[in-house]
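Residues per chain, in single letters:
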Amino acid sequence: MYQIFIGIDVSKDSFTACAIDQGRKKLFEISTSMEVRGFEELSRCLLKFQKDYILIGEESSACYQINLPAYLAKEGYHTVIINPLLISNFMKLSLRKTKTDKKDAFVIACFLSMFHSSLQESSFLSPDFRELAREREKLSSQVSTLKNDIEKLLAVTFPKAFKATNVYSKGILNLLKKYPSAWMIKNLSVSEVEELIKPEGKRRRPDISPEKILSLARDSIAYMSPAREFILSQKVSQLLLLEEELEKLNCILTDMFQECAVEDLEILKSIKGIGDVIAIHFLGEIGDTRRFDNYKKLIAYAGLDPTIHQSGRYVGQGKISKGGNRHLRRVIWLMAVMVARHNKTFREYYLKKREEGFSYKKAIMSVAHKLIRVIFAMLTHKVYFPQGQFLIVDSFYDYLLCPS
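These figures come from a predicted structure and were not determined experimentally.

Student: Describe the sheet that holds strand β4 (residues 54-59), and please don't skip the residues or the numbers.
Tutor: One open sheet accounts for 5 strands, arranged β3-β2-β1-β4-β5; its pairing is mixed. Edge positions in the sheet fall to β3 (26-33) and β5 (78-82), since each of these pairs with one other strand and no more. Direction aside, neighbouring strands of the sheet carry axes that sit 20 degrees apart on average. Judged from the 5 bridges that link them, β4 and β5 form a sheet pairing that is parallel.

Next up, the structure:
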């Protein structure tokens, strides 16, 4: 049972800590630098109390939140990271609008004293893992943007390329990097094209021959544009570099994950439509499912919980709150799209919602909610997704919660 509650307000160069007891009486208050000297000063203040009775909390604040809680966790203190939206709403309960670092730290401490039983302690087992997963997400977004740009440029410099092959294979990209138009390619020899598109190591050979590429280049109605050719070559170079970085990140993430949660990964992958990368992203964002008492809290954590606006006779259209983890929300959406395409059970559920008049987005959102329910039950009970025609998602979920 916690008896001492410490709120910490963090900024780039400094932080303020305020400690209160169960009666909200201030025990100490310090403002110090965001460096080892400041961390040690806080530790000395904490030595007056028994570690098991102390709960320390701070708002989530991008990169500034990491170092201090990690230091305190290594010292054996219990810490939590709090959603800033919760603190903001809590502060609105006060009529006084004064805002200072000391006031913010005191408010966080008061919030902890009132709601600590509903908060989950932070885990520092995989913050690096989560950062790498989010970096991969950024790189993936950049790759998608580059591919869109490349398609637009190729529509002018080599319009027939897309109709004949996968232009994003390593060999074709190497060719386009050096010769970014049909005008440049058609003057090459067969051996020159073959040398550029041949695979490295165990990579699969392109699904098009050098002779076919030359034929397409000669028949293509392409516009000669030195500017577009230069831009296309640069875009292809950037794409090749980003894809190499993505491969490295995938290997690092896989190796890190194999050390801690192999079983959870395999459980998720037992759902057809969910692969290694998306499963790793999902597990990296939620951490341990024991953090959530039920699937509804996981839905709320992702910001997928519904909101209703009603005033008198007016009832507004319901929307999702979008108040949770935006990275997790995106991952769940992608998972829902994939299982709606490739998993028979969820596909039938999606089609049922469409028949009921749901739009595409609403139907996918329904699939997402159903998917979270099933995943939560599977990870909680450590069971795999059943394969076969007999499965009905609702009954499977109920079975997991109430096994006979």
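From this point on, the discussion continues.
Student: Outline the side chain of Glu 229, listing residues and values.
Tutor: With respect to the helices, strands and loops of the structure, Glu 229 is situated in helix α11 (residues 226-258). The charged side chain of Glu 229 is buried without a salt bridge, its nearest counter-charge being Arg 228 at 9.6 Å. Within the local environment of Glu 229, its side chain forms a polar contact with the side chain of Ser 181, the two groups lying 3.0 Å apart. Setting aside anything within four residues of it in sequence, one finds Glu 229 in contact with Thr 157, Pro 180, Ser 181, Met 184 and Met 224.

Student: I'd like a rundown of unusual backbone geometry, residues and numbers included.
Tutor: The residue Arg 24 is not glycine, and still its phi comes out positive at about 65 degrees. Tracing the chain through its elements places Arg 24 in the loop between β2 (14-20) and β3. The exposure class of Arg 24 is partly exposed, given its relative accessible area of 39%. Phi angles above zero are rare outside glycine, and Lys 382 is one such case at about 55 degrees. Position of Lys 382 among the secondary structure elements: in the loop between α17 (360-381) and α18 (393-401).

Student: Which residues make up the environment of Tyr 349, and what values do they have?
Tutor: Within the element layout of this structure, Tyr 349 appears in helix α16 (residues 344-355). When sequence neighbours within four positions are dropped, the list of residues in contact with Tyr 349 reads Ser 366, Val 367 and Lys 370.

Student: So what's going on with the nonpolar core? Residues and values would help.
Tutor: Core analysis: the biggest nonpolar cluster contains 43 residues, and Ile 271, Ile 274, Phe 282, Met 335 and Ile 375 have the highest contact counts within it. Elements represented by at least two residues in this core include exactly α12 (262-269), α13 (276-286), α14 (295-301), α15 (326-342), α16 and α17. Among residues more than four places away in sequence, those in contact with Phe 282 are Leu 268, Leu 298, Leu 328, Val 331, Ile 332, Met 335, Ile 375 and Leu 379. Formed by 34 residues, the second largest nonpolar core is a distinct cluster that contains Ile 172, Tyr 179, Ile 197 and Leu 232.

Student: For the confidence of the model for the protein, give the residues involved together with the corresponding values.
Tutor: Mean pLDDT over the protein: 82, with 84% of residues reaching 70 or higher. Low pLDDT (under 50) marks residues 389-393, which in the prediction has 9 contacts with non-local residues, meaning those over four places away or in another chain.

Student: Tell me about the packing of aromatic side chains, and name the residues and values.
Tutor: This structure, assessed with the given rule, holds 9 aromatic pairs. Between Phe 15 and Phe 39 the ring centres are 6.1 Å apart and the planes differ by 55 degrees, which places this aromatic pair in the tilted class. Here Phe 15, found in strand β2, pairs with Phe 39, found in helix α1 (residues 36-46); they are 24 residues apart in sequence, far enough to count as distant. A relative accessible area of 1% means that Phe 15 is categorised as buried. Judged by relative accessible area, Phe 39 falls into the buried class, the value being 9%. Cluster of aromatic residues (ring-pair linked, three or more members): Phe 15, Phe 39 and Tyr 71.

Thresholds applied
- Residues numbered from 1 in each chain as written.
- Predicted model: local features only at pLDDT ≥ 70, side-chain atom pairs only at ≥ 80, totals over all residues.
- Heavy atoms only, no water.
- Pairing = 2+ DSSP bridges.
- Helix = DSSP H or I, 4+ residues; strand = E, 2+ residues; numbered from the N terminus.
- Axes fitted to C-alpha atoms, helices over the stretch in contact; angles between N-to-C directions.
- Buried < 20%, exposed > 50% of the residue type's maximum accessible area, 1.4 Å probe, protein only.
- Lys, Arg positive; Asp, Glu negative; His and termini not counted.
- Salt bridge = Lys/Arg side-chain N within 4 Å of Asp/Glu carboxyl O.
- Polar contact = N/O pair within 3.5 Å; in protein donor to acceptor, adjacent residues only side chain to side chain.
- Contact = heavy atoms within 4.5 Å.
- Core = buried A, V, L, I, M, F, W, Y, C linked by side-chain atoms within 4.5 Å.
- pLDDT = per-residue confidence, 0-100.
- Phe/Tyr/Trp six-rings, centres within 6.5 Å; stacked < 30°, edge-to-face > 60°.

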